[in-house]
Amino acid sequence: MKMTDENIPGNSEITMDDVKNLIKKKDEIEEQIKAYYDVLQDQGVGVEDSLVDAEGYPRADVNLYQIRTARHNISCLQNDHKTIMAEIEEALHKLHAREKAKRERDEAEAQEEAMEHQVTLPPPFAQLDAVTEGSPACGAGLRVGDQLIEFGSVNSGNFQNLQNIASVVQHSEGKPLHVSVIRAGEKVQMSLTPQRWSGRGLLGCNIVPVQR
């Protein structure tokens, strides 16, 4: 059995199915080798046993043609077996190398994307440490731990103190404010309308400045 390029695809095309096909071919070769060894066993000889008698004449008690054919085929098949074992090893190496490269590439891309995302997000200027259930802040989707990067006209670039936020709230009662926060490393945007409710203030949350 001659190994050809069809037995093993190029590096970029290697799949687990290709490896399984190579293993199947290996198993078929091993079965053929075993069958030819069975022929020799039936004849009572091995691969190296002499086929001539003590006087140097061809043995008459065995089928010489059958034995020589079996020995020749065993030799050829063993070479094929050695070749396909090398191809299986090479295919597995390429497959694992490609999977490792893909995994490293995916990890690098994910890390790069995370770094880019972090760079594009402005630094927070305040954080929510309390949000009351049923309040305007709760209804808008704000959560404890959210970090403010935009609150109406207040942003990371012009924020000075909490009075900036209080002023915006007082002048925006009943009007929706655009609010942006950082939550779990992601930017989340929402609309918050300061208004009277059953609790204190117009928001129902507690905002504290972030130390910068």
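Quick caveat: nothing in here was measured; it's all calculated off a predicted structure.

K.L.:
Tell me about the domain arrangement of the chain, and name the residues and values.
P.N.:
Here the chain is described as being made up of domain 1 (16–119) and domain 2 (126–209). If you average the C-alpha positions of domain 1 and of domain 2, the two centres end up 70 Å apart.

K.L.:
Can you lay out the environment of A110 for me, pointing to particular residues and giving the numbers?
P.N.:
Mapped onto the elements, A110 comes out in helix α2 (residues 64–120). In this structure A110 comes out as partly exposed when scored by relative accessible area, which is 44%.

K.L.:
Quick one: what's the story with the side chain of S156, residue by residue and with numbers?
P.N.:
By the secondary structure assignment, S156 is in the loop between β3 (154–155) and α4 (162–170). The exposure class assigned to S156 is buried, which follows from its relative accessible area of 13%.

K.L.:
I'd like a description of the nonpolar core, backed by residues and values.
P.N.:
Membership of the largest hydrophobic core comes to 21 residues, with the highest contact counts inside it found for F125, L142, L148, F151, I165 and V179. Elements supplying a minimum of two residues to this core: β1 (126–131), α3 (136–140), β2 (147–151), α4, β4 (177–183) and β5 (186–192). Setting aside residues no more than four positions away along its own chain, F151 makes contact with F125, I165, V168, V169, L177, H178, V179, L192 and L203. Counting residues in each nonpolar core, the second largest holds 10 residues, with I14, I29, I33 and A91 among its members.

K.L.:
Can you tell me about the layout of surface pockets, naming the residues and giving the values?
P.N.:
Over the atoms, a rolled probe matching the size of one water molecule traces out where space is still vacant. Here the largest pocket defines a volume of roughly 260 Å³. Contributing to the lining of the largest pocket are 13 residues, with A166, V169, L202, L203 and C205 lying nearest its centre. Contributions of two or more residues to the lining of the largest pocket are made by α4 and β6 (205–209). When residues of the lining of the largest pocket are assigned to their parent elements, the largest contribution, five residues, is made by α4.

K.L.:
Provide a residue-level description of the environment of Q127, including the pertinent values.
P.N.:
You can see Q127 is positioned in strand β1. The spacing of Q127 and G145 is 18 residues in sequence and 6.2 Å in space, taken between C-alpha atoms. Excluding residues that lie within four positions of it along the chain, Q127 makes contacts with G145, D146, Q147, N206, I207, V208 and V210. Within the structure, Q127 has its side chain in polar contact with the side chain of Q147 (distance 3.3 Å).

K.L.:
Outline α4, listing residues and values.
P.N.:
It helps to recall that an α-helix has 3.6 residues per turn; residues three or four apart then point in one direction. Taken together, the buried positions of α4 are occupied by I165, V168 and V169. Within α4, the buried residues cover an arc of 100 degrees as seen down the axis, which keeps them to one side. Exposed side of α4, more than 90 degrees from the buried face: Q163 and Q170 are the residues found there. Residues of α4 that are buried make contact with β1, β2, β3, β4 and β6. Looking at where α4 begins, the residue whose side-chain oxygen comes 3.0 Å from the main-chain nitrogen of Q163 is N161.

K.L.:
Give a description of the UniProt feature "domain: PDZ" (unreviewed entry) in the chain that names residues and reports values.
P.N.:
According to UniProt, the "domain: PDZ" (unreviewed entry) feature falls on residues 130–183. Here residues 130–183 is 26% helix and 30% strand, with 15 Å between the C-alpha atoms at its ends.

About the criteria used
- Residues numbered from 1 in each chain as written.
- Predicted model: local features only at pLDDT ≥ 70, side-chain atom pairs only at ≥ 80, totals over all residues.
- Heavy atoms only, no water.
- Domains from an automatic or database assignment.
- Helix = DSSP H or I, 4+ residues; strand = E, 2+ residues; numbered from the N terminus.
- Buried < 20%, exposed > 50% of the residue type's maximum accessible area, 1.4 Å probe, protein only.
- Core = buried A, V, L, I, M, F, W, Y, C linked by side-chain atoms within 4.5 Å.
- Contact = heavy atoms within 4.5 Å.
- 1 Å grid on protein atoms, 1.4 Å probe; cavity = no way out; pocket = protein on both sides within 12 Å on 5 of 7 lines; lining within 4 Å.
- Points joined across faces, edges and corners; volume = space filled by probe spheres on them.
- Polar contact = N/O pair within 3.5 Å; in protein donor to acceptor, adjacent residues only side chain to side chain.
- Arc of directions from axis to C-beta.
- UniProt positions renumbered as here; feature names shortened; annotations may be inferred.

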